[in-house]
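Each chain, letter by letter, is given below.
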Amino acid sequence: MQNFQDYLVEDKNTHLEHLEDEIINNGSKGARTAINFLKSIKQMLQGGSGGSTVSVKWDGAPAVFCGINPENGKFFVATKSLFNKTPKINYTNADIARNHGGALADKLKDCLKYLPSLGIKGILQGDLLFTDGDKKTANVAGQRSIVFTPNTITYAVPIVKSGLFGSSLYDNINKAKLGIIFHTSYTGKTISTLKAGFGANVRGLKKSRSVFFDDATYKRADNAAFTPDEEKAFDNVIRMAEGSAYKAGAFIDKVKKDKGPLSLGVQLKTFFNTYIRQGTPITNTNKLANNFEVFFRDRIRKEIDNKKTAAAKQKYEEILEAGMKILRPNRDGLYFAIATYITFQSAKAVLLRKLNTIQSIGSFLRTRNGYKVTNPEGYVAIRKGGAVKLVDRLEFSRANFNMAKDWVKG
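Residues take numbers from 1 onward in each chain, read along the sequence in its written order. Side-chain atom pairs in this predicted model are given and counted only at pLDDT of 80 or more, local residue features only at pLDDT of at least 70, and totals for whole chains, interfaces and linings cover all residues. Note that the side-chain values use all heavy atoms of the structure and ignore hydrogens as well as water.

**Regarding the overall build of the protein chain**
Secondary structure assignment for the protein chain yields ten helices and 15 strands. Here the radius of gyration uses the C-alpha set of atoms, whereas the globule reference equals 2.2 Å times the residue count to the power 0.38. At 23 Å, the protein chain has a C-alpha radius of gyration in line with the 22 Å of a compact globule built from 410 residues. Per-residue burial for the protein chain yields a buried fraction of 49% across its 410 residues. Residue contacts are defined here by distance: any two heavy atoms, one from each residue, within 4.5 Å place the two residues in contact. Long-range pairs, those at least 24 residues apart, make up 70% of the contacts in the protein chain between residues at least 6 apart in sequence. Computed with a 1.4 Å probe, the accessible areas rest on the Shrake-Rupley method; for each residue, only the protein chains presented here act as cover. As displayed, the protein chain has an accessible area near 20,000 Å², and 50% of this comes from carbon and sulfur atoms. Neither His nor the chain ends is counted toward charge; the positive residues are Lys and Arg and the negative residues Asp and Glu. By convention, charge coordinates are those of NZ in Lys, CZ in Arg, CG in Asp, or CD in Glu. The centroid of the 63 positive side-chain charges in the protein chain is displaced by 3 Å from the centroid of its 38 negative side-chain charges. Secondary structure elements follow DSSP: runs of H or I of four or more residues count as helices, runs of E of two or more count as strands, with numbering from the N terminus. Burial classes: relative accessible area under 20% of the type maximum marks a residue as buried, over 50% as exposed, and values in between as partly exposed (1.4 Å probe, protein chains only).

So this is what it looks like as structure tokens:
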């Protein structure tokens, strides 16, 4: 199995794309990348060497950066504003009060109080699960549980008595003042030159009654493996993806070159996201191809109608014409691009069902009728040279688009 630390990347705050979006982002090369990811994740689940490394995406918030500033040897906590042109770095409560406000400031003060006890040597990034005031009790799936909702997902741990038959997970969370999942490590001699590495090794951290922590590494189990029939069916889906990606190649390479906020690629992502927000499955390739052409024209026409000057209108007329010059002669290419996208989603769904068989802390969505069981936010798959997100977008992304959050980001 490959080590997370093999995959250092230049970006300060690693931005991850959905696996199926690779064909939009990177054309035929992206299609090959997505197919290789799918194959290597299956290889990992089968227990083979050389497969992808997978980490669980916890739905924590805010993102917390903490550790030792290499420039002065001091412990700090920060948000993503650590990477501002003028970094916001907090060594004291006074720094936090100056740099942040509201609930965010309160959470950072708890981080500054409790995280130094872990003995972090470098710099880690994690998703905050809870501070002490966030934990509540509720009946979830018929069990009295400790619950906390850092973002969209509610996490629940059944309440059990301590002792011989008690739960160490429950005990640890019940006693903790703060919970965090670390997923990224940083190296560098200065804050401005830090490099992010997917994954965080927490084995060297000190245990603390005040802090519940873990890394995000997926712990594989034998029940996640494919049966022979499942493997055969999955391989057939991959072959379908390879065939449609080959036929879409020329078109998606043109889409990749079309840049700008109103480009075909950006609009194709936006088009798919309209279905996700509505909770509508992305199916029926021929209908989607027709609908996208209408969607694209209407989107640009709306921009044209909103412009007041002839020059501004002309600019968007040219954007529309550039897009239509790609779409008109490449209807088959669009069709097979969408077919590839759908097939990638089908293959991803198979892998997600397997990955979801292991879950240490229950995850739920709050509804008007109580708590509804949901799967983890998703996973990150890492291979040499990159990483992609694996998320059930109809389940989690729709909820994330539409649900109000309990805390203020900043």
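**Focus: the packing of aromatic side chains**
In this scheme Phe, Tyr and Trp rings, the latter by its six-membered ring, pair at centre separations within 6.5 Å, and the angle between planes marks the pair as stacked below 30 degrees, edge-to-face above 60, and tilted otherwise. This structure, assessed with the given rule, holds 16 aromatic pairs. Relative to Phe 83, the ring of Phe 65 lies with its centre 5.4 Å away and its plane at 85 degrees, an arrangement referred to as edge-to-face. On the criterion of sequence distance, the pair formed by Phe 65 in strand β3 (residues 63-68) and Phe 83 in the loop between β4 (75-78) and α2 (93-99) is long-range, its members being 18 residues apart. Relative to Phe 148, the ring of Phe 130 has its centre 4.9 Å away and its plane inclined at 55 degrees; by these criteria the two rings are tilted. With Phe 130 in strand β5 (residues 123-131) and Phe 148 in strand β7 (residues 143-148), this residue pair connects regions lying 18 residues apart in the sequence. The two residues Phe 130 and Phe 148 agree in class, both being buried. An aromatic cluster is defined as three or more aromatic residues linked by ring pairs; in this entry it consists of Phe 271, Phe 272, Tyr 275, Phe 292, Phe 295, Phe 296 and Tyr 341. Over a ring means this: the NZ of a Lys or the CZ of an Arg is within 6 Å of the ring centre and within 35 degrees of the ring normal. A cation sits over an aromatic face here: Lys 74 above Tyr 91, 5.6 Å from the ring centre. The aromatic ring of Phe 226 is capped on one face by Lys 354, whose charged end is 5.5 Å from the ring centroid.

**A closer look at the environment of Phe 272**
Residue placement: Phe 272 occurs in helix α6 (residues 264-278). Considering only alpha carbons, one finds Phe 272 and Leu 288, 16 residues apart in sequence, at a separation of 9.3 Å. The contact partners of Phe 272, leaving out residues within four places of it in the chain, are Ile 24, Ile 282, Ile 338 and Tyr 341.

**Topic: the sheet that holds strand β15 (residues 386-390)**
At least two DSSP bridges between two strands are needed for those strands to be called paired. The sheet built from three strands is open, its strands ordered β2-β14-β15 with antiparallel pairing. Both outer strands of the open sheet, β2 (53-57) and β15, are each paired with one neighbouring strand and no more. Taken over all neighbouring pairs, the strand axes of this sheet differ in orientation by 25 degrees on average, direction set aside. For strand β14 (residues 378-383) and β15, the ladder comprises five bridges, and the chain directions are antiparallel. Bridging across to β15, Tyr 379 finds its partner in Leu 390. Axis definition: a line fit to C-alpha positions, over the contact stretch in the case of helices; interaxial angles, taken between N-to-C directions, run 0 to 180 degrees. Running at roughly 80 degrees to β15, helix α9 (residues 331-355) makes contact with β2, β14 and β15 of the sheet.

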